[in-house]
2 protein chains.
Amino acid sequence: MPAKIIDGRPVAQRIQGEIKRAVEDLRAKSGAAPGLGVVLVGDDPASAMYVRMKRRACDRAGLRSEARILPAASTQAEVEDAVRAYNADPSIHGILVQLPLPDHINEEAVLNEISLAKDVDGIHPMNLGRLGMRGREPTFTPATPTGVMQLIAETGEAIEGLRAVVIGRSNIVGLPVALMLAKANATVTICHSRTRDLPGTVRAADIVVAAVGRAEYVKGDWIKPGAIVIDVGSNSLPDPDSEKGYRYVGDVEFESACAVAGYITKVPGGVGPMTITMLLSNTLKAARRSLEA
Amino acid sequence: MPAKIIDGRPVAQRIQGEIKRAVEDLRAKSGAAPGLGVVLVGDDPASAMYVRMKRRACDRAGLRSEARILPAASTQAEVEDAVRAYNADPSIHGILVQLPLPDHINEEAVLNEISLAKDVDGIHPMNLGRLGMRGREPTFTPATPTGVMQLIAETGEAIEGLRAVVIGRSNIVGLPVALMLAKANATVTICHSRTRDLPGTVRAADIVVAAVGRAEYVKGDWIKPGAIVIDVGSNSLPDPDSEKGYRYVGDVEFESACAVAGYITKVPGGVGPMTITMLLSNTLKAARRSLEA
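Calculation notes
- Residues numbered from 1 in each chain as written.
- Chains lettered and ligands numbered in written order.
- Predicted model: local features only at pLDDT ≥ 70, side-chain atom pairs only at ≥ 80, totals over all residues.
- Heavy atoms only, no water.
- Pairing = 2+ DSSP bridges.
- Helix = DSSP H or I, 4+ residues; strand = E, 2+ residues; numbered from the N terminus.
- Axes fitted to C-alpha atoms, helices over the stretch in contact; angles between N-to-C directions.
- Core = buried A, V, L, I, M, F, W, Y, C linked by side-chain atoms within 4.5 Å.
- Buried < 20%, exposed > 50% of the residue type's maximum accessible area, 1.4 Å probe, protein only.
- Contact = heavy atoms within 4.5 Å.
- Salt bridge = Lys/Arg side-chain N within 4 Å of Asp/Glu carboxyl O.
- Polar contact = N/O pair within 3.5 Å; in protein donor to acceptor, adjacent residues only side chain to side chain.

A. Summary view of the sheet that holds strand S8 (residues 228–231) of chain A. A sheet is described by the order of its strands in space; here 12 strands give the open sequence S1(A)-S11(A)-S8(A)-S7(A)-S5(A)-S6(A)-S6(B)-S5(B)-S7(B)-S8(B)-S11(B)-S1(B), paired in mixed fashion. Every interior strand has two partners, whereas the edge strands, strand S1 (4–6) of chain A together with strand S1 (4–6) of chain B, have only one. Pairs of neighbouring strands in the sheet enclose a mean axial angle of 15°, with direction left out of account.

B. Examining the nonpolar core more closely. Residues A:Leu181 and B:Leu181 are the most contacted members of the largest nonpolar core, which totals 116 residues. With residues up to four places along the chain from it excluded, the contact list for A:Leu181 reads A:Met149, A:Ile152, A:Ile159, A:Ala164, A:Val166, A:Ala186, A:Val188, A:Ile207 and A:Val209.

C. Inspection of the pattern of salt bridges at higher detail. Residue and element names in this part refer to chain B. Applying the stated criterion to the full structure yields 26 salt bridges over all chains. For Glu-292, the salt bridge is made with Lys-29, and the minimal N-O distance between the two is 3.7 Å. Of this pair, Glu-292 sits in the segment after helix H10 (271–291) while Lys-29 sits in helix H1 (residues 8–30); the two residues are 263 residues apart in sequence, bridging distant segments of the chain. The exposure class of Glu-292 is partly exposed, given its relative accessible area of 44%. Between Arg-84 and Asp-81 there is a salt bridge, with the nearest N and O atoms lying 2.9 Å from each other. Of this pair, Arg-84 and Asp-81 both sit in helix H3 (residues 76–88), three residues apart, which is roughly one turn of that helix. According to the relative accessible area criterion, Asp-81 is partly exposed, its value standing at 43%.

D. Seen up close, the interface of chain A and chain B. Taken together, the contacts link 38 residues of chain A with 38 residues of chain B. Viewed at the interface, chain B and chain A are joined by six salt bridges. Two residues, B:Arg163 and A:Asp197, come together in a salt bridge whose shortest N-O distance is 3.9 Å. On the surface where chain A and chain B come into contact, there are 19 residue pairs in polar contact (both at pLDDT 80 or more). Those elements that provide at least two residues to the side of chain A that touches chain B are helix H4 (107–113), helix H5 (125–132), helix H7 (174–183) and strand S6 (187–191) of chain A. Counting residues per element, the side of chain A that touches chain B draws most heavily on H5(A), at six residues. Judged from the three bridges that link them, S6(A) and strand S6 (residues 187–191) of chain B form a sheet pairing that is antiparallel. The residue of S6(B) that forms the bridge with A:Val188 is B:Ile190.

See the structure below:
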């Protein structure tokens, strides 16, 4: 029996609908809408596409969004100034710096400039520390990891006591997902490029989160029968049959994994829509804190 | 063949000797010694003993230490004021709040008061976030976890690619040890009270760090032959044969584990001396940053 598909689109739509109603409420009470400020540096087409998708989602849900698009040759000071201007702007409640930044920009220094109260991406070290620590709560939980947790929740399976394997340990996905799964009482293993016998390690897992950025890297015969598979990857592969000449695939080989897993997400249409939704949700939260305070 | 004992005492002595020389250097150059300020609330005998041991180690290595000992009935404001006074005192470079605090005190709020530049225990959420994140470094690495990593290094085994299991996920030991092992390229599994089949999980590990706070909980037949076993526990057991009426044991059943492991630490004499040493090391680091700036 093939896996049940965890479709992120209706989940995202449902939550975005709730956000839209909450935004209307907030606007009725305070006269103001939540505002997202985006900083984009350079002209990477994928980054530009992500920014467009985020701004469109803001429009649909009634959030105000604006973007500062800086040339690739901008200086460190110019990028940091763009962040500081949003920090100082009371109509902006959340700030998103689209990553990656050009190589000559110190990413850490830019992200450190984001006011903790406006860190709707939830990637400030302070937020990550609190995310992992018992008895602490971050100001915002990071967008993609929160989306991953939401999709796992959609299966209706209790996470507590399950074995989870997270493949990849990036600051914005792998690491925070591992911390969130541990806080939800899963037994979590963090895997990465230096992991020996990755297939054997994945085979022991009831939950697999693949966030490694390599097309179709995780094979079906690595998956434990019945496991929950969340695919965070989004890799373009050449595809002459497609109009664009390429198609997007995840980090998991979908067909072979689908035959074994209990639940699996699709790429596109899985984690992606959830990431945007969680960004909207955090921006709404930031605006409420500011406008209802 | 029984395991090689990783003896923390000579390692601690060696490092404390290096610290002593560095303190003399600093004193010669700047005229000042590193200063540690300890806040102790209440009269828990174990806490009082730990504080005495830390102050004695400061004396031996030439660091200045002082303690503010507050009554158990102190208010939140009084405890926080003690921390703030040390923050403002230029002769104090490191601040240690001895945990646990009495139940009526909000521990998080007290710890948040510690200036990041003086957080020599390395337990600020900002430090923990940076500890886990790639490309980031904490202001200070937490004392006990750094001691654990030092003892693993003493074995001479390369950590990269090894499977590590951390039992316990406390903010001050389990969680930061797991983050440090992952940064050192081990494949890390975080286990805790909800973990199913803990013996089977531990049996797969090349490195076992036990930080669960239960006397002799981890048994020898859980250990993979040849594994490195680091025992962070320190539990008192009644012992009529001892003069004091009790003895300290770790979280690992030493005799049975020693017969299987490749390397193992003892309790006492393993991680304990390293924790104090790392606290001295961090206080020296803080003093250098302040005095040599």
